[in-house]
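Given next are the chains, with one letter for each unit.
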Amino acid sequence: MATAVAPKRFLKIAAPDFLRDLDLTGEELAALLDLTADVKRTPRNYARALDNKSIALLFEKPSLRTRLTFELAIQQLGGHAVFCEGPIGAREPLKDVARNLDRWVNGIVARVFSQETVDGLAHWSSVPVINALSDLYHPCQALADVATVRERFGKLKGLKLAFIGDGNNVAQSLMLSALRLGMDFALGCPQGYTPNPEIIAQAEGLAAVSRATLTITHDTDRALEGAHAVYTDVWASMGQEKEAAKRKKAFQPYQVTEELFARALPNAIFMHCLPARRGEEVTGAVIESERSAVFDQAEYRLHAQKALLLMMI
Ligand code: CP
Ligand code: NVA
(Lines give C-alpha, C1' and ligand atoms only; values in the text may rest on other atoms or scores of the structure.)
(Ligands and ions follow the chains in the order given, each with its own letter.)
Protein backbone atom coordinates (compact mmCIF):
# COMPACT_ATOMS: atom_id res chain seq x y z
CA MET A 1 0.00 0.00 0.00
CA ALA A 2 1.39 3.42 -0.94
CA THR A 3 2.07 5.73 2.01
CA ALA A 4 0.58 9.18 1.64
CA VAL A 5 3.09 12.05 1.82
CA ALA A 6 2.05 14.39 4.64
CA PRO A 7 1.13 17.85 3.31
CA LYS A 8 4.01 20.26 3.86
CA ARG A 9 3.49 23.43 5.88
CA PHE A 10 5.23 26.61 4.79
CA LEU A 11 5.84 29.94 6.41
CA LYS A 12 3.44 32.22 4.55
CA ILE A 13 5.01 35.44 3.29
CA ALA A 14 3.25 38.33 5.04
CA ALA A 15 3.45 40.81 2.15
CA PRO A 16 0.73 40.25 -0.46
CA ASP A 17 3.17 40.63 -3.37
CA PHE A 18 6.88 40.19 -4.20
CA LEU A 19 7.58 43.42 -6.06
CA ARG A 20 10.98 44.22 -4.57
CA ASP A 21 13.52 42.29 -2.51
CA LEU A 22 12.56 43.97 0.74
CA ASP A 23 8.98 42.66 0.49
CA LEU A 24 10.45 39.59 2.21
CA THR A 25 11.47 39.96 5.85
CA GLY A 26 14.88 38.60 6.86
CA GLU A 27 13.15 35.65 8.54
CA GLU A 28 11.09 34.91 5.41
CA LEU A 29 14.19 35.08 3.21
CA ALA A 30 16.03 32.62 5.47
CA ALA A 31 13.00 30.28 5.43
CA LEU A 32 12.77 30.58 1.66
CA LEU A 33 16.41 29.50 1.30
CA ASP A 34 15.79 26.45 3.50
CA LEU A 35 12.68 25.57 1.49
CA THR A 36 14.63 26.05 -1.76
CA ALA A 37 17.17 23.47 -0.59
CA ASP A 38 14.38 21.04 0.35
CA VAL A 39 12.55 21.55 -2.95
CA LYS A 40 15.82 20.81 -4.76
CA ARG A 41 16.40 17.66 -2.68
CA THR A 42 12.86 16.24 -2.74
CA PRO A 43 10.88 17.83 -5.61
CA ARG A 44 8.27 15.06 -5.59
CA ASN A 45 7.08 16.05 -2.13
CA TYR A 46 5.72 19.27 -3.65
CA ALA A 47 4.16 17.86 -6.84
CA ARG A 48 0.54 18.64 -5.87
CA ALA A 49 1.02 21.93 -4.02
CA LEU A 50 -0.47 24.14 -6.76
CA ASP A 51 -3.29 21.74 -7.75
CA ASN A 52 -6.12 23.67 -9.45
CA LYS A 53 -4.13 26.90 -9.43
CA SER A 54 -3.55 28.99 -12.54
CA ILE A 55 -0.86 31.64 -12.84
CA ALA A 56 -0.50 34.26 -15.60
CA LEU A 57 2.90 35.28 -16.92
CA LEU A 58 2.87 38.77 -18.50
CA PHE A 59 6.16 39.64 -20.20
CA GLU A 60 6.94 42.98 -21.83
CA LYS A 61 10.53 41.88 -22.58
CA PRO A 62 12.19 38.71 -23.93
CA SER A 63 13.25 35.90 -21.58
CA LEU A 64 14.68 32.39 -21.63
CA ARG A 65 15.42 31.54 -17.99
CA THR A 66 12.68 33.45 -16.17
CA ARG A 67 9.84 32.40 -18.45
CA LEU A 68 10.82 28.74 -18.66
CA THR A 69 11.72 28.31 -14.98
CA PHE A 70 8.41 29.87 -13.90
CA GLU A 71 6.44 27.75 -16.37
CA LEU A 72 8.30 24.59 -15.27
CA ALA A 73 8.02 25.47 -11.58
CA ILE A 74 4.26 25.96 -11.88
CA GLN A 75 3.79 22.71 -13.87
CA GLN A 76 6.01 20.69 -11.52
CA LEU A 77 3.96 21.94 -8.55
CA GLY A 78 0.77 20.76 -10.27
CA GLY A 79 -0.51 24.16 -11.46
CA HIS A 80 -1.12 25.74 -14.87
CA ALA A 81 0.71 28.66 -16.46
CA VAL A 82 -0.65 30.94 -19.18
CA PHE A 83 1.72 33.27 -21.00
CA CYS A 84 1.12 36.64 -22.65
CA GLU A 85 3.84 38.75 -24.30
CA GLY A 86 3.59 42.44 -25.13
CA PRO A 87 3.27 45.88 -23.55
CA ILE A 88 0.99 45.97 -20.51
CA GLY A 89 -1.51 48.82 -20.55
CA ALA A 90 -1.14 49.75 -24.24
CA ARG A 91 -4.30 48.16 -25.70
CA GLU A 92 -6.37 48.90 -22.61
CA PRO A 93 -5.63 50.54 -19.26
CA LEU A 94 -3.38 48.60 -16.88
CA LYS A 95 -6.08 48.77 -14.22
CA ASP A 96 -8.45 46.88 -16.55
CA VAL A 97 -5.82 44.24 -17.39
CA ALA A 98 -5.24 43.68 -13.65
CA ARG A 99 -8.96 43.46 -12.85
CA ASN A 100 -9.52 40.92 -15.66
CA LEU A 101 -6.71 38.68 -14.46
CA ASP A 102 -7.98 39.00 -10.91
CA ARG A 103 -11.10 37.05 -11.97
CA TRP A 104 -9.20 34.24 -13.74
CA VAL A 105 -5.92 33.40 -12.04
CA ASN A 106 -4.38 32.81 -8.62
CA GLY A 107 -1.22 34.79 -9.25
CA ILE A 108 0.58 37.06 -11.72
CA VAL A 109 4.27 36.98 -12.68
CA ALA A 110 5.24 40.10 -14.63
CA ARG A 111 8.42 41.21 -16.46
CA VAL A 112 8.12 44.93 -17.13
CA PHE A 113 9.99 48.00 -18.33
CA SER A 114 8.93 50.19 -15.42
CA GLN A 115 8.59 49.27 -11.76
CA GLU A 116 5.38 51.36 -11.80
CA THR A 117 3.76 48.73 -14.04
CA VAL A 118 4.31 45.84 -11.66
CA ASP A 119 3.32 48.07 -8.71
CA GLY A 120 0.15 49.00 -10.63
CA LEU A 121 -0.75 45.36 -11.30
CA ALA A 122 -0.42 44.68 -7.58
CA HIS A 123 -2.54 47.72 -6.72
CA TRP A 124 -5.39 46.79 -9.05
CA SER A 125 -5.57 43.03 -8.41
CA SER A 126 -6.07 41.02 -5.26
CA VAL A 127 -3.91 38.03 -6.29
CA PRO A 128 -0.17 37.87 -5.50
CA VAL A 129 2.03 39.65 -8.06
CA ILE A 130 5.69 38.62 -8.53
CA ASN A 131 8.26 40.92 -10.16
CA ALA A 132 10.07 38.92 -12.86
CA LEU A 133 12.41 41.90 -13.64
CA SER A 134 11.82 45.63 -13.85
CA ASP A 135 14.06 48.64 -14.41
CA LEU A 136 14.85 48.69 -10.67
CA TYR A 137 14.88 45.08 -9.45
CA HIS A 138 15.33 41.44 -10.42
CA PRO A 139 14.42 39.90 -7.07
CA CYS A 140 13.84 36.31 -8.28
CA GLN A 141 17.35 36.31 -9.72
CA ALA A 142 18.78 37.43 -6.37
CA LEU A 143 17.02 34.54 -4.59
CA ALA A 144 18.65 32.02 -6.94
CA ASP A 145 22.01 33.76 -6.60
CA VAL A 146 22.18 33.71 -2.82
CA ALA A 147 21.00 30.06 -2.85
CA THR A 148 23.87 29.25 -5.25
CA VAL A 149 26.46 30.94 -3.04
CA ARG A 150 25.08 29.21 0.05
CA GLU A 151 25.37 25.81 -1.60
CA ARG A 152 28.94 26.48 -2.79
CA PHE A 153 30.28 27.79 0.53
CA GLY A 154 27.87 26.21 3.03
CA LYS A 155 27.12 29.65 4.54
CA LEU A 156 26.54 33.30 3.59
CA LYS A 157 27.45 35.38 6.63
CA GLY A 158 30.97 36.72 6.43
CA LEU A 159 31.38 36.09 2.69
CA LYS A 160 32.03 38.93 0.26
CA LEU A 161 30.29 39.34 -3.07
CA ALA A 162 31.84 41.75 -5.59
CA PHE A 163 29.66 43.00 -8.44
CA ILE A 164 31.73 44.49 -11.28
CA GLY A 165 29.80 46.55 -13.83
CA ASP A 166 26.54 48.44 -14.02
CA GLY A 167 24.65 49.37 -10.83
CA ASN A 168 21.52 48.01 -12.53
CA ASN A 169 18.40 46.01 -11.59
CA VAL A 170 20.40 42.81 -10.96
CA ALA A 171 23.03 44.64 -8.88
CA GLN A 172 20.38 46.50 -6.86
CA SER A 173 18.47 43.33 -5.96
CA LEU A 174 21.62 41.42 -5.15
CA MET A 175 22.95 44.26 -2.97
CA LEU A 176 19.76 44.22 -0.86
CA SER A 177 19.48 40.43 -0.56
CA ALA A 178 23.18 39.83 0.12
CA LEU A 179 23.43 42.53 2.81
CA ARG A 180 20.24 41.37 4.46
CA LEU A 181 21.82 37.90 4.80
CA GLY A 182 25.01 39.28 6.33
CA MET A 183 27.23 39.13 3.23
CA ASP A 184 29.63 41.98 2.49
CA PHE A 185 28.76 43.58 -0.85
CA ALA A 186 31.05 45.65 -3.08
CA LEU A 187 30.13 47.27 -6.35
CA GLY A 188 32.91 48.32 -8.73
CA CYS A 189 31.39 50.54 -11.43
CA PRO A 190 32.31 53.48 -13.68
CA GLN A 191 31.36 57.01 -12.69
CA GLY A 192 27.73 57.74 -13.52
CA TYR A 193 26.62 54.11 -13.20
CA THR A 194 26.10 53.80 -9.45
CA PRO A 195 22.79 52.36 -8.16
CA ASN A 196 19.65 54.33 -7.40
CA PRO A 197 20.33 56.57 -4.34
CA GLU A 198 17.17 55.46 -2.51
CA ILE A 199 18.16 51.81 -2.89
CA ILE A 200 21.70 52.62 -1.69
CA ALA A 201 20.19 54.25 1.42
CA GLN A 202 18.12 51.10 2.08
CA ALA A 203 21.23 48.96 1.57
CA GLU A 204 23.17 51.09 4.08
CA GLY A 205 20.39 50.53 6.60
CA LEU A 206 20.54 46.75 6.07
CA ALA A 207 24.33 46.72 6.36
CA ALA A 208 24.13 48.54 9.70
CA VAL A 209 21.70 45.91 11.03
CA SER A 210 23.51 42.83 9.70
CA ARG A 211 26.97 44.33 10.45
CA ALA A 212 28.03 43.63 6.88
CA THR A 213 29.95 46.16 4.80
CA LEU A 214 28.74 47.97 1.70
CA THR A 215 31.40 49.40 -0.64
CA ILE A 216 30.59 51.38 -3.77
CA THR A 217 33.74 52.29 -5.65
CA HIS A 218 35.15 53.01 -9.10
CA ASP A 219 38.28 51.02 -8.17
CA THR A 220 37.96 47.35 -9.21
CA ASP A 221 40.88 46.27 -6.99
CA ARG A 222 39.11 47.63 -3.94
CA ALA A 223 35.87 45.92 -4.91
CA LEU A 224 37.53 42.55 -5.60
CA GLU A 225 39.84 42.37 -2.58
CA GLY A 226 38.86 39.35 -0.45
CA ALA A 227 35.83 38.51 -2.63
CA HIS A 228 34.38 34.98 -2.52
CA ALA A 229 32.14 35.61 -5.55
CA VAL A 230 32.64 37.90 -8.55
CA TYR A 231 29.44 38.84 -10.37
CA THR A 232 28.84 40.76 -13.56
CA ASP A 233 25.95 41.51 -15.92
CA VAL A 234 25.51 43.06 -19.37
CA TRP A 235 26.63 46.68 -19.81
CA ALA A 236 23.41 47.68 -21.59
CA SER A 237 20.22 46.18 -20.16
CA MET A 238 17.06 45.50 -22.15
CA GLY A 239 15.64 48.89 -23.14
CA GLN A 240 19.09 50.60 -23.11
CA GLU A 241 20.15 49.39 -26.57
CA LYS A 242 20.61 52.97 -27.83
CA GLU A 243 23.25 53.62 -25.15
CA ALA A 244 25.23 50.47 -26.02
CA ALA A 245 28.14 52.22 -27.79
CA LYS A 246 28.60 54.84 -25.06
CA ARG A 247 28.40 52.20 -22.35
CA LYS A 248 30.89 49.92 -24.11
CA LYS A 249 33.48 52.66 -23.82
CA ALA A 250 32.73 53.50 -20.19
CA PHE A 251 32.67 49.86 -19.03
CA GLN A 252 35.74 48.51 -20.91
CA PRO A 253 38.04 48.74 -17.81
CA TYR A 254 35.41 46.75 -15.89
CA GLN A 255 35.49 43.68 -18.14
CA VAL A 256 35.94 40.55 -15.99
CA THR A 257 39.09 39.08 -17.52
CA GLU A 258 41.20 36.29 -16.01
CA GLU A 259 43.53 38.98 -14.67
CA LEU A 260 40.73 40.87 -12.96
CA PHE A 261 39.15 37.66 -11.61
CA ALA A 262 42.54 36.69 -10.11
CA ARG A 263 42.34 39.70 -7.76
CA ALA A 264 39.52 38.00 -5.85
CA LEU A 265 40.21 35.06 -3.48
CA PRO A 266 41.81 31.99 -5.15
CA ASN A 267 38.65 29.91 -4.58
CA ALA A 268 36.26 32.67 -5.70
CA ILE A 269 33.41 31.71 -8.01
CA PHE A 270 32.28 33.62 -11.09
CA MET A 271 28.60 34.56 -11.36
CA HIS A 272 26.39 36.02 -14.10
CA CYS A 273 22.60 36.10 -14.35
CA LEU A 274 22.83 35.40 -18.13
CA PRO A 275 22.43 36.09 -20.99
CA ALA A 276 26.14 37.02 -21.20
CA ARG A 277 28.04 38.87 -23.89
CA ARG A 278 31.40 37.14 -24.13
CA GLY A 279 34.10 39.70 -25.01
CA GLU A 280 32.16 42.52 -23.34
CA GLU A 281 31.44 42.27 -19.61
CA VAL A 282 33.26 38.89 -19.32
CA THR A 283 35.79 36.95 -21.35
CA GLY A 284 35.04 33.47 -22.68
CA ALA A 285 37.85 32.03 -20.54
CA VAL A 286 36.30 33.27 -17.27
CA ILE A 287 32.71 32.25 -17.98
CA GLU A 288 33.83 28.81 -19.21
CA SER A 289 36.28 28.27 -16.32
CA GLU A 290 35.84 25.62 -13.63
CA ARG A 291 35.05 28.34 -11.13
CA SER A 292 32.06 29.58 -13.11
CA ALA A 293 28.73 28.99 -11.32
CA VAL A 294 26.47 30.44 -14.00
CA PHE A 295 24.52 27.25 -14.76
CA ASP A 296 24.05 26.52 -11.06
CA GLN A 297 22.47 29.97 -10.81
CA ALA A 298 20.20 29.14 -13.75
CA GLU A 299 19.22 25.83 -12.11
CA TYR A 300 18.47 27.57 -8.81
CA ARG A 301 15.98 29.86 -10.59
CA LEU A 302 13.69 26.82 -10.76
CA HIS A 303 14.09 25.70 -7.14
CA ALA A 304 13.95 29.20 -5.61
CA GLN A 305 10.88 30.22 -7.60
CA LYS A 306 9.12 27.01 -6.55
CA ALA A 307 9.83 27.93 -2.93
CA LEU A 308 8.55 31.46 -3.55
CA LEU A 309 5.32 30.19 -5.13
CA LEU A 310 4.81 27.74 -2.25
CA MET A 311 5.18 30.53 0.30
CA MET A 312 2.95 33.00 -1.60
CA ILE A 313 0.15 31.10 -3.33
N1 CP B 1 18.62 35.82 -15.94
C2 CP B 1 17.44 36.02 -16.56
O3 CP B 1 16.50 36.61 -16.03
O4 CP B 1 17.37 35.49 -17.82
P5 CP B 1 16.20 35.74 -18.86
O6 CP B 1 16.27 37.17 -19.29
O7 CP B 1 16.49 34.79 -19.98
O8 CP B 1 14.89 35.44 -18.20
N1 NVA C 1 20.24 43.69 -16.47
C2 NVA C 1 19.72 42.80 -17.47
C3 NVA C 1 19.35 41.49 -16.86
C4 NVA C 1 18.81 40.46 -17.80
C5 NVA C 1 18.42 39.19 -17.11
C6 NVA C 1 18.52 43.45 -18.14
O7 NVA C 1 17.72 44.09 -17.45
O8 NVA C 1 18.41 43.36 -19.35
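The rules we used
- Residues numbered from 1 in each chain as written.
- Chains lettered and ligands numbered in written order.
- Predicted model: local features only at pLDDT ≥ 70, side-chain atom pairs only at ≥ 80, totals over all residues.
- Heavy atoms only, no water.
- Near = heavy atom within 4 Å.
- Polar contact = N/O pair within 3.5 Å; in protein donor to acceptor, adjacent residues only side chain to side chain.
- Areas by Shrake-Rupley, 256 points an atom, 1.4 Å probe, with all protein chains shown as cover.
- Nonpolar A, V, L, I, M, F, W, Y, C, P; charged D, E, K, R; others polar.
- Core = buried A, V, L, I, M, F, W, Y, C linked by side-chain atoms within 4.5 Å.
- Buried < 20%, exposed > 50% of the residue type's maximum accessible area, 1.4 Å probe, protein only.
- Helix = DSSP H or I, 4+ residues; strand = E, 2+ residues; numbered from the N terminus.
- Contact = heavy atoms within 4.5 Å.
- Pairing = 2+ DSSP bridges.
- Axes fitted to C-alpha atoms, helices over the stretch in contact; angles between N-to-C directions.

### Describing the site of ligand 2
(1) Moving on: The environment of ligand 2 is formed by L133, N168, N169, V170, D233, V234, S237, M238 and L274.
(2) Moving on: Within the contact set of ligand 2, a nitrogen atom lies 3.4 Å away from a side-chain nitrogen or oxygen of N168.
(3) Moving on: Measuring from a nitrogen atom of ligand 2, one finds a side-chain N or O atom of D233 at 2.7 Å.
(4) Moving on: In isolation ligand 2 has 270 Å² of accessible area, and contact with the protein removes 94% of it.
(5) Moving on: Here the shell around ligand 2 is built from residues that sort into five nonpolar, three polar and one charged.

### Description of the nonpolar core
(1) Moving on: I130, F185, L308 and L309 are the most contacted members of the largest nonpolar core, which has 66 residues in total.
(2) Moving on: Here this core takes nine residues from helix α12 (residues 294–312), the largest share from any one element.
(3) Moving on: Look past the residues within four positions of I130 in its chain and what remains in contact with it is F18, F70, I108, V109, A110, V118, C140, L308, L309 and M312.
(4) Moving on: By size, the runner-up hydrophobic cluster in this structure holds 19 residues, among which are L224, A227, L274 and I287.

### Quick notes on the site of ligand 1
(1) Moving on: Neighbouring residues of ligand 1: S63, L64, R65, T66, R111, H138, Q141, C273, L274 and R301.
(2) Moving on: S63 places a polar side-chain atom, nitrogen or oxygen, 2.6 Å from an oxygen atom of ligand 1.
(3) Moving on: Contact between ligand 1 and R65: an oxygen atom at 2.8 Å from a side-chain N or O atom of the residue.
(4) Moving on: Compared with its free state, where it exposes 260 Å², ligand 1 has 95% of that area covered by protein.
(5) Moving on: Taken together, the residues of the shell around ligand 1 break down into three nonpolar, four polar and three charged.

### Here we look at the pairing of strand β9 (residues 269–272)
(1) Moving on: Neither face of β9 is left uncovered, since the one carrying I269 and M271 and the one carrying F270 and H272 both have all their residues buried.
(2) Moving on: As paired strands, strand β8 (residues 229–232) and β9 are joined by four bridges and run parallel to one another. Each bridged residue has a counterpart across the sheet, and for T232 the counterpart in β9 is H272.

### Overview of the sheet that holds β8
(1) Moving on: Across the sheet, which stays open at both edges, the five strands sit in the order β7-β6-β5-β8-β9 with parallel pairing between neighbours. Since the sheet does not close on itself, it has two edges, and those belong to β7 (214–217) and β9, each with one partner. Shown here is a sheet whose adjacent strand axes are inclined to one another by a mean of 20°, direction ignored.
(2) Moving on: Strands in contact with helix α6 (residues 169–180) are β5 (160–164), β6 (184–188), β7 and β8; relative to β6, the strand with the most contacts, it is inclined by about 160°.

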